[in-house]
Amino acid sequence: MSAAASSTGPDLLVVEGLVTSFPTSRGRRVAIVDHVDLRVACGEVLALVGESGCGKSLTALSIAQLVARPGRVDAGRVVLAGRSLAGLGPREWRRIRGGEIGMIFQEPMTSLNPVQRVGAQVIEAIRLHERVRPREAQRRALGLFERVGIPDPEARLGAYPHELSGGMKQRAMIAMALSARPKLLIADEPTTALDVTIQAQILDLLRELGQELGMAVLLITHDLGVVNELADRVAVMYAGRVVEQGSREDVLATARHPYTVGLLGSLPARTPRGARLVEIPGAVPPPEDWPSGCRFAGRCARAYAACAEAPDWTPVTEGHTVRCHAVAREIGA
């Protein structure tokens, strides 16, 4: 059974068997993204979660064909709105990125040109994907700044990135990502380093825009609080593989994979006051040392002999699937 077969609406994005590798110091290539399957429906928010270094951001970059050398997408099928993205040339990819696929990166200061006014960057993005006159592009950019809640938007169009607060830079990045009305928005840690108030505003904005535009959102995050606020479905990633998928309620309330259970158990909100936070023992091994079987087995209290082999997907409930031998044995699958 495919882990990805759980969406209820029409799938806007379908990712099947995605493999992305990098060379190691030992001279061989290792799949950092290893046969990942994902589906995101129109108007849906799918959160891809896991510890830092598990392959979440690289998955997003692989979908958009933005993997830098010596990285390489080796295999997989990516379909957007019913169209396969395989074999497209650089010119076509430039049209798709920013056009059909909008992206919000973790750190806006590294994504915004520091020597170009913010408004000019948004206007350039609009004119790159749509044939409109400069005056119309400026009107559209102003409307986007208003829509994302940037105060005094006309003045901010003429500002440089360093003149904006972190929250305003992130809103400007959202405006740029939405400038061509994309079908899919990839948001990679969109609230990192923002204070709690601004974070809540950004999450509300993404939720409203997704519903209003019917846009699919792939949210990359390690913050389960953000997942609870925004996601419709959740995919949990560990060491390059997705190990659990389901609705937000299924994964956050009735998690079954030992890794997901460990992540949730380490949350301060789930720890009694005065008690020590529960930690997942051990650490994620480096990619060149990933085992051929279950990659979490070395840190898992439920591991047994069968875990030497890679587990297949086990359906827990409708749309909730887990990749774990112990869970499969428990429910008799």
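Predicted model only: the values in this text are computed from it and were never measured. Each chain carries its own residue numbering, running from 1 in the written order of its sequence. Two thresholds apply to this predicted model, a pLDDT of at least 70 for residue-level local features and 80 or more for giving and counting side-chain atom pairs, whereas whole-chain, interface and lining totals are computed over all residues. Side-chain metrics in this entry use all non-hydrogen atoms of the structure; hydrogen atoms and water are not considered.

**Q** Help me understand the overall build of the chain in this model?
**A** Within the chain, the secondary structure is distributed over twelve helices and twelve strands. Taken along the three principal axes of its C-alpha coordinates, the chain extends 65 × 50 × 40 Å. Each of the 333 residues in the chain was classed as buried or not, and the buried ones make up 50%. Any two residues whose heavy atoms approach within 4.5 Å at even a single point are treated as in contact. Contacts spanning at least 24 positions in sequence make up 65% of the contacts within the chain whose residues lie at least 6 apart. Charged-residue counts in this description rest on Lys and Arg as positive and Asp and Glu as negative, His and the chain ends being excluded. Taken as the charge centre is NZ of Lys, CZ of Arg, CG of Asp or CD of Glu, depending on the residue. Side chains of the chain give 39 positive and 36 negative charges; the mean places of these two sets differ by 5 Å. Where helices and strands are cited, they refer to DSSP runs of H or I of at least four residues and of E of at least two residues respectively, numbered from the N terminus. In this scheme, a residue with accessible area under 20% of its type's maximum is buried, one over 50% is exposed, and one in between is partly exposed, where area comes from a 1.4 Å probe on protein chains only.

**Q** How should the pattern of salt bridges be read in this particular structure?
**A** Opposite charge on two side chains makes pairing possible when the charged atoms of those side chains draw close. Whenever a carboxyl oxygen of Asp or Glu lies within 4 Å of a side-chain nitrogen of Lys or Arg, that contact is scored as a salt bridge. Using the criterion set out here, one finds 22 salt bridges in the structure. Note that glutamate 330 and arginine 256 form a salt bridge whose closest N and O atoms lie 2.3 Å from each other. You can see glutamate 330 sitting in helix α12 (residues 325-331) and its partner arginine 256 sitting in the loop between α10 (248-253) and α11 (258-265), a full 74 residues away along the chain. By relative accessible area, glutamate 330 is classed as partly exposed at 48%. Ionic contacts of the salt-bridge type, sharing partners, join the residues Arg83, Glu92, Arg95, Glu100 and Lys183 into one network.

**Q** Please clarify how the packing of helix α4 (residues 118-129) against helix α5 (residues 134-147) should be interpreted in this entry.
**A** The geometry of a pair of packed helices is captured by two quantities: the angle between their axes and the separation between those axes. Taken N-terminus to C-terminus, the directions of α4 and α5 make an angle of 115°; their axes are 9 Å apart at the nearest point. The hand of the α4/α5 crossing is right-handed. Where α4 approaches α5, its residues Val118, Val122, Ile123, Ile126 and Arg127 are matched on the opposing element by Pro134, Ala137, Gln138, Arg140, Ala141, Leu144 and Phe145. Each axis is a line fitted through C-alpha atoms, and for a helix only the stretch in contact is used; angles between axes span 0 to 180 degrees, taken between their N-to-C directions. A crossing counts as left-handed when the near helix is turned anticlockwise from the far one by less than a right angle, and as right-handed when that turn is clockwise.

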